[in-house]
Amino acid sequence: MDYNKNELLEFTKACDEFIEGKFILADVKIANILKKIADSTDIYNILAECMINFDFSKEFSKSRVSGSVGANTFRLPTEIHKLIPLVFCLLVEIDKKNIDFNYFLRTQFPFADTQKEEYDSFAQNVILPFKESILQLFDVDPKELYEQLNQEEKIAVVPKKVNDDIDEDDKDDFFKSMIDKSYDIKDSIKTIKNIAKRENVTTLLDGIEESCKIKNIKITNALVYALNQELKGEKHFKTLINNLNNLYFTYFK
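The structure reproduced in this document is the subject of the present report. (Residues numbered from 1 in each chain as written. Predicted model: local features only at pLDDT ≥ 70, side-chain atom pairs only at ≥ 80, totals over all residues. Heavy atoms only, no water.)

Counting residues in each nonpolar core, the largest one holds 49 residues, and the members touching the most others are Phe18, Ile33, Leu90, Phe122 and Phe130. Taken together, the elements giving at least two residues each to this core come down to α1 (5–19), α2 (26–39), α3 (41–51), α4 (56–63), α5 (80–95), α6 (101–108) and α7 (115–137). In contact with phenylalanine 18, not counting residues within four places along its chain, are Ala26, Lys29, Ile30, Ile33, Phe101, Tyr119, Phe122, Ala123 and Ile127. Phe175, Ile179, Ile185 and Leu227 belong to the second-largest nonpolar core, a separate cluster that totals 24 residues. (Core = buried A, V, L, I, M, F, W, Y, C linked by side-chain atoms within 4.5 Å. Buried < 20%, exposed > 50% of the residue type's maximum accessible area, 1.4 Å probe, protein only. Helix = DSSP H or I, 4+ residues; strand = E, 2+ residues; numbered from the N terminus. Contact = heavy atoms within 4.5 Å.)

Written out as structure tokens, the structure is:
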């Protein structure tokens, strides 16, 4: 399944921050997880599919502690298509203050002796399975995700010195070629699912074209760096951005 590695990594980090954190500012960490979900078209689409015909009240009632024998702690459903929307809806309700998080921890993890143990139980039994279930749907190992992003696309850095060995004719060819490379990237702009990101990339490409037309290398320099940052994790642009970067570095030492 195709997915935006960077957005999936941001979601993973948000979950890990909750899992490795403490009760203090738990509401902020929950809000951050929800934000990362909203920022990811891929995760949002997965959730939308899982939410079809999903009954939160019914599934929540099944999972929560009722005091009956055998229901000693909050238990998530084993079916992944129920687990994901249940946790998502639970986090939304906590974020909206419709569910008191402190009361939920105290009543749903009654065998925990301290608030820290309650929080840790929630992190390990709710947030961790939620994260792993979403990554499972994308067939992603979190360790491999981190490694892939670290090795992917070398981001263009602000160079220290212009290559003075390039003559004026070659400089003209450089700017013309940079415009051509930006056109190539723009031709594939529709593959970016996130509308805000697509608009940002379009603006940066327009800027590169304009800066090359007036032959302002300082502006081009800054825009190329920003473009690399914006397209980080967009696998469909890997070859295109590398082509632009390779040309870009011929002008610098």
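From this point, the discussion proceeds with the structure in view.
A separate point is the pattern of salt bridges. Counted by the stated rule, this structure contains 14 salt bridges. Notably, a salt bridge pairs lysine 35 with aspartate 39, separated by 2.8 Å at the nearest N-O pair. Of the two residues, lysine 35 and aspartate 39 are both situated in helix α2; the distance of four residues between them amounts to about one turn of the helix. Of the residues examined, aspartate 39 reaches a relative accessible area of 32% and is grouped as partly exposed. For the salt bridge of glutamate 209 with lysine 186, the shortest nitrogen-to-oxygen distance reads 3.2 Å. In this pair, glutamate 209 sits in helix α10 (residues 195–213) while lysine 186 sits in helix α9 (residues 168–187), placing the two residues 23 residues apart along the sequence. (Salt bridge = Lys/Arg side-chain N within 4 Å of Asp/Glu carboxyl O.)

It is worth spelling out α1 at this point. Along an α-helix, residues three or four positions apart point the same way, because every turn accommodates 3.6 residues. With 15 residues, α1 extends 21 Å between its outermost C-alpha atoms, agreeing within 8% with the 21 Å of an ideal straight helix rising 1.5 Å per residue. The buried fraction of α1 is high, at 12 of 15 residues. Turning to α1, its buried residues number three or more, namely Lys5, Asn6, Glu7, Leu8, Leu9, Phe11, Thr12, Ala14, Cys15, Asp16, Phe18 and Ile19. Capping of α1 at its N-terminal end is provided by asparagine 4; its side-chain oxygen lies 3.0 Å from the backbone amide nitrogen of asparagine 6. (Expected span 1.5 Å × (residues − 1). Polar contact = N/O pair within 3.5 Å; in protein donor to acceptor, adjacent residues only side chain to side chain.)

Turning our attention to the packing of α1 against α2. In contact at an axis separation of 9 Å, α1 and α2 are set at 165 degrees when each is read in the N-to-C sense. It follows from the interaxial angle that α1 and α2 lie roughly antiparallel. α2 is crossed by α1, and the crossing has left-handed handedness. Counting all contacts with α1, which are made through Glu7, Glu10, Phe11, Ala14, Cys15, Glu17 and Phe18, the residues of α2 involved are Ala26, Lys29, Ile30, Asn32, Ile33, Lys36, Ile37 and Asp39. Partitioning the contact of α1 with α2 into residue classes produces eight nonpolar, one polar and six charged. (Axes fitted to C-alpha atoms, helices over the stretch in contact; angles between N-to-C directions. Parallel < 35°, antiparallel > 145°, perpendicular 65-115°, else oblique. Left-handed = near helix turned anticlockwise from the far one by under 90°. Nonpolar A, V, L, I, M, F, W, Y, C, P; charged D, E, K, R; others polar.)

What follows covers the packing of α10 against helix α11 (residues 217–231). Helix-helix packing: each pair is described by the crossing angle between the helix axes and the interaxial distance. Relative to each other, α10 and α11 sit at 160 degrees, their axes nearing to 9 Å. In terms of orientation, α10 and α11 fall into the roughly antiparallel class. The hand of the α10/α11 crossing is left-handed. Facing α10, whose interface residues are Lys197, Asn200, Val201, Leu204, Leu205, Gly207, Ile208, Ser211 and Cys212, α11 presents Ile219, Thr220, Leu223, Val224, Ala226, Leu227, Glu230 and Leu231. In terms of residue class, the contact of α10 with α11 is built from 11 nonpolar, four polar and two charged.

What follows concerns a nonpolar patch on the surface. Taken together, the side chains of Ile24, Leu25 and Val28 make up a nonpolar region of the molecular surface, amounting to roughly 310 Å² of accessible area. With respect to the helices, strands and loops of the structure, leucine 25 is situated in the loop between α1 and α2. The exposure class of leucine 25 is exposed, given its relative accessible area of 54%. (Patch = residues over 30% accessible without salt bridge, like charges linked within 9 Å, V, L, I, M, F, W, Y side chains within 5 Å. Areas by Shrake-Rupley, 256 points an atom, 1.4 Å probe, with all protein chains shown as cover.)

Here we take up the packing of aromatic side chains. Here the structure, examined in full by the defined rule, presents 14 aromatic pairs. Seen in terms of ring centroids, phenylalanine 104 and phenylalanine 109 are 6.4 Å apart; in terms of plane orientation they differ by 75 degrees. Their pairing is edge-to-face. Judged by its relative accessible area of 3%, phenylalanine 109 is buried. An aromatic cluster is built from Phe18, Phe23, Phe56, Phe60, Phe74, Phe101, Phe104, Phe109, Tyr119 and Phe122, whose rings are joined through pairwise contacts. (Phe/Tyr/Trp six-rings, centres within 6.5 Å; stacked < 30°, edge-to-face > 60°.)

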